[in-house]
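# Working through the structure, step by step
Given next are the chains, with one letter for each unit.
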Amino acid sequence: MAEKKSIDPVVVEMLKKAEAEGVSTAFKRADETKPCPIGHEGNCCKHCFMGPCRLTGKTTVGICGATKSTVSARNLARGVAGGTAAHSDHGRGMALTLLAAATGEAPDYRVKDERKLRRVAGYLGVPVDGREVNEIAKDVALKALGEFGKQEGELIYVSRAPAKRQAIWRKLGVVPRGIDREVVEVLHRTSIGVDQDAEHILDHSVRCALADGWGGSMLSTDISDILFGTPGPIASGSNFGVLREDEVNVIIHGHEPTLSELIVAAANDPEILAYAKSKGAKGVNLAGICCTANEVLMRQGVPLLGNFLAQELSVLTGAVDAMVVDIQCVMQGLVEVAKNYHTKIITTSPKAKIEGATHIEFHEHKAMEIAKSILRMAIDNYAKRGKVFIPDYQDHLVAGFSHEYIAYMLGGSLRESFRPLNDAIMTGRIRGAAGVVGCNNPRVTQDDPHLYVVQELIKNDILVVTTGCNAIACAKAGLLTPEVMEQCGPGLKEICQTIGIPPVLHMGSCVDNTRILTVLTQSACEGGLGEDISDLPVAGFAPEWMSEKALSIGTYVVASGVTTWMGVGSPVAGSPEVVKLITEGYQKKFGAAWYFEPDHKKAVQEAIAHIDSKRKALKLVEYDPKRFAKSATYLPGDYFPAEKHGAYSLK
Ligand code: NFS
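Just so it is clear, the model here is predicted, and its values are computed rather than measured.

## Considering helix α21 (residues 490-499)
Within α21, burial applies to G491, L492, E494, I495, C496 and Q497. Just past α21, the residue G500 takes up positive phi, approximately 80°.

This is the structure:
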């Protein structure tokens, strides 16, 4: 039943089309392939060739004697290392691009946000006074690159965390030394016959994940802002209705903004537009999938086509002339689907090829030339379209809430600060805040857990910040608009009306979860809500997670002090000892617990109780929604007519 697969009506329609045409998608393959029950719970060890050892039934240890808890901790740690490697290699790529831009080797790139450059130079200890922009940029890039290969000492960005948090990490010995070193050490420790103490393995997985959150990902966000601009609010659209029947549709999918930013520029180039017209198209229309979508949405307003599970389905429209992919979350199944249509799948990263796809390798020194040749290929392909089916759904959105903009919108240009946010939490207008992030997973009804969690939180006066594929789910359901404040509790509604913001703030891609770390730090340091992130009435969610990157994010967010609920199921369920280590154990160590709770309704109730317990510990007034929403003198409906919004409104 297609209706059970997703609550997005576009996905349901496209799944019916796939069924009718006999096209295989991730949804179908998920039905055909049940997860291996042993590996699913973390009980399979395949780190040497005596096995794989399946610790099930009477078998409680591997051939080497490794226990279930060792195996489970090893598997989790390796997931964290995979996620850290992915985010951080992306960050390294950004630093290399900045270096090439600063030294003139990548003439199509330049420092776009000098203010951010100076701020980041300050974090990294790079002098700025009396220096040229490119001199500073070169040193910032080199200093950032140094963080990857550093062997000793501490990552510089650790000093951006609240002082109390840093002290906790130092006491536990989990401060990362160098980004690459911590990833390598996870792989070493978890190979045959090395670290065989679950708690010790997990401690190092924390060190590795912190190298992601307070290292590779944070650098990635900062350098992307320097090169392409720090995001501010921007309006756009989402879902398949953003495709155009009379234009060349190019989908940008993956993660790095390096090529996609130039594709956006090239799509507006008069020469490219003239070429499109010469082939009978009215223009070139761009739309994004996954985190590349979030990156180019936040800075350029490029609409969102869909999240992770929409990628194959978008090809089924017959309207996608090219899908340009780089790294991460790109399904190999795309090529098989594309065989049934005219769509060209174009891989571009030197790190990622897919058999059967067209490979046009991207190099920074001739970036614009490559972007244009990709677009020309898409334009040439336009004439080969067969029958086109574009479900006529789209919704409005406002995205682009960087932490810089949040501070600005709260305090204005004369006094950027988090004071108003803290005050609103202290008075109980805002009960607390939550980050809701992460993937799609075909093991659950697509977008259902995402949207339930977000809607339930705002109804309970909990401000939501979102990134990644949750942000796209919210966009498609119309939750990223100011109008949605009508769905909020009374206190949060007052705040949103006063500041003029949606109650669900789109903060970017998954590496931009580090923007959330910055917001949390500033809120903790502003005063009135304790002194550390773990004092704040906040919670984390990844209701439909699937990727290793989510495990890394989950670990660093919890180790930073935010109790977090991940949905779908637990990758460590097979070891009660490991479950205890990441819940009670992490609570003792980091003041925050990490739960895997497949029941998203239960998770929300637990998180609300958690937020209230934090309010109580801070001796804040008890949350009481009846006290608020009495002061407004007009109805927001006058300004935002109801017919303009609503989930999945028909165009
Ligand atoms: Ni995040 Fe981006 Fe989506 Fe999950 Fe994949 S796109 S980095 S991993 S699936 S949220």
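## With respect to the coordination of the nickel atom of the ligand
One donor from the polypeptide reaches the nickel atom of the ligand: C510 (SG), at 2.3 Å. Taken together, the four donor atoms coordinating the nickel atom of the ligand span angles of 89 to 161° at the metal, a pattern that classifies the geometry as irregular. As for its position among the elements, C510 is in the loop between β13 (504-508) and α22 (513-526).

## Considering helix α24 (residues 576-590)
In a regular helix each residue adds 1.5 Å, so 15 residues correspond to 21 Å; α24 covers 20 Å between its end C-alpha atoms and thus fits that length. Along α24, the sharpest kink reaches roughly 30°, centred on E584. Residues of α24 that are buried include every one of V578, L581, I582, T583, G585, Y586, K589 and F590, and no others. Each element contacted by the buried residues of α24 is listed here: α5 (68-102), α8 (163-172), α10 (198-228), α23 (548-559) and β16 (594-596).

## Things to note about the confidence of the model for the protein chain
Residues shown with low pLDDT carry predicted positions that ought not to be read at fine detail. On average, residues of the protein chain carry a pLDDT of 94, and 96% of them reach 70 or more. The model gives residues 644-651 a pLDDT under 50, and that stretch makes 25 contacts with residues more than four places away or in other chains.

## Structural notes on the packing of aromatic side chains
Scanning the entire structure with this criterion turns up ten aromatic pairs. Taken together, a centroid distance of 5.9 Å and an interplanar angle of 85° make the contact between Y123 and Y157 edge-to-face. Remark: Y157 occurs in the loop between α7 (133-149) and α8 and Y123 occurs in helix α6 (residues 114-124); sequence separation between them is 34 residues. We classify Y157 as buried; its relative accessible area is 2%. With 5.0 Å between their ring centres and 40° between their planes, W594 and F596 make a pair best called tilted. Take W594: its relative accessible area is 0%, and that puts it in the buried class. R160 extends its terminal NZ or CZ atom over the ring of Y123, reaching a point 3.8 Å from the ring centre. Over the ring of Y157 we find R160, and its NZ or CZ is 4.6 Å from the ring centre.

## Examining the pattern of salt bridges
The tally for this structure, following the rule as stated, stands at 50 salt bridges. Note that D89 and K351 form a salt bridge whose closest N and O atoms lie 3.1 Å from each other. One end of the pair, D89, is in helix α5; the other, K351, is in the loop between β8 (344-347) and β9 (358-359), and 262 residues separate them in sequence. The partner of D225 in a salt bridge is R515, with the nearest N and O atoms 2.9 Å apart. With D225 in helix α10 and R515 in helix α22, this pair connects stretches of sequence that are 290 residues apart. Each of the two residues, D225 as well as R515, counts as buried.

## Notes on the packing of helix α13 (residues 290-300) against helix α20 (residues 468-476)
Where α13 contacts α20, the axes come no closer than 8 Å and their chain directions differ by 70°. On the basis of the axis angle, α13 is roughly perpendicular to α20. Of the two elements, α13 crosses α20, and the hand of that crossing is left-handed. In this structure, α13 contributes C290, C291, A293 and N294 to the contact, and α20 contributes G468, C469, A471 and I472. Residues of the contact of α13 with α20, tallied by class, amount to six nonpolar, two polar and no charged.

## A few points about the sheet that holds β13
What the six strands build is an open sheet, ordered β13-β12-β11-β14-β15-β16; its pairing is parallel. The strands lining the two open edges of the sheet, one partner per strand, are β13 and β16. Averaged over neighbouring strand pairs, the angle between their axes works out to 20° when direction is ignored. Where strand β15 (residues 564-566) and β16 come together, three bridges link them in parallel fashion. The residue of β16 that forms the bridge with T564 is W594.

## A short note on the domain arrangement of the protein chain
Taken as a whole, the protein chain is organised into domain 1 (68-228), domain 2 (240-382) and domain 3 (402-628). Computed over C-alpha atoms, the centres of domain 1 and domain 2 are 29 Å apart. Each partner contributes to the interface: domain 1 provides 19 residues, whereas domain 2 provides 19 residues. Summing the contributions of domain 1 and of domain 2, the shared interface buries around 1,300 Å²; its carbon and sulfur component is 51%. If you sort the residues of domain 1 by the area they bury against domain 2, H90, Y109 and F228 come out on top, with a joint share of 42%.

## Comments concerning the environment of G122
By secondary structure assignment, the location of G122 is in helix α6. Classification of G122 by relative accessible area gives exposed; the value is 54%. G122 sits 18 residues away from V140 along the chain, and the two C-alpha atoms are 9.4 Å apart.

## Digging into the side chain of T518
Here T518 is to be found in helix α22. Since its relative accessible area comes to 7%, T518 is described here as buried. Ignoring any residue separated from it by four or fewer positions in sequence, one finds T518 in contact with R160, M218 and H403.

## As for the site of the ligand
The local shell around the ligand consists of H255, C290, C291, F308, C329, G438, C439, C469, C510, M546, S547 and K549. Among the residues forming the shell around the ligand, the class breakdown is eight nonpolar, three polar and one charged. The residues that make up the shell around the ligand include at least three from each of domain 2 (240-382) and domain 3 (402-628).

## Structural notes on the packing of α5 against α24
Close contact between α5 and α24 brings their axes to 8 Å; oriented N to C, the two are set at 50°. Between α5 and α24, the interaxial angle falls into the category oblique. Between α5, through S69, S72, A73 and L76, and α24, the contact on the second element is made entirely by E577, V578 and I582. Residues belonging to the contact of α5 with α24 are distributed by class as follows: four nonpolar, two polar and one charged.

Each value, and the rule that gives it
- Residues numbered from 1 in each chain as written.
- Predicted model: local features only at pLDDT ≥ 70, side-chain atom pairs only at ≥ 80, totals over all residues.
- Heavy atoms only, no water.
- Buried < 20%, exposed > 50% of the residue type's maximum accessible area, 1.4 Å probe, protein only.
- Helix = DSSP H or I, 4+ residues; strand = E, 2+ residues; numbered from the N terminus.
- Donors = N, O, S within 2.8 Å, 3.2 Å for Na, K, Ca; no water.
- Tetrahedral: all angles 85-135°; square planar, octahedral: opposite > 155°, others 65-115°.
- Expected span 1.5 Å × (residues − 1).
- Bend = angle between axes of the 7 residues up to and from the residue.
- Contact = heavy atoms within 4.5 Å.
- pLDDT = per-residue confidence, 0-100.
- Phe/Tyr/Trp six-rings, centres within 6.5 Å; stacked < 30°, edge-to-face > 60°.
- Lys NZ or Arg CZ within 6 Å of the ring centre and 35° of its normal.
- Salt bridge = Lys/Arg side-chain N within 4 Å of Asp/Glu carboxyl O.
- Axes fitted to C-alpha atoms, helices over the stretch in contact; angles between N-to-C directions.
- Parallel < 35°, antiparallel > 145°, perpendicular 65-115°, else oblique.
- Left-handed = near helix turned anticlockwise from the far one by under 90°.
- Nonpolar A, V, L, I, M, F, W, Y, C, P; charged D, E, K, R; others polar.
- Pairing = 2+ DSSP bridges.
- Domains from an automatic or database assignment.
- Buried area = accessible area lost by both parts, 1.4 Å probe.
- Near = heavy atom within 4 Å.

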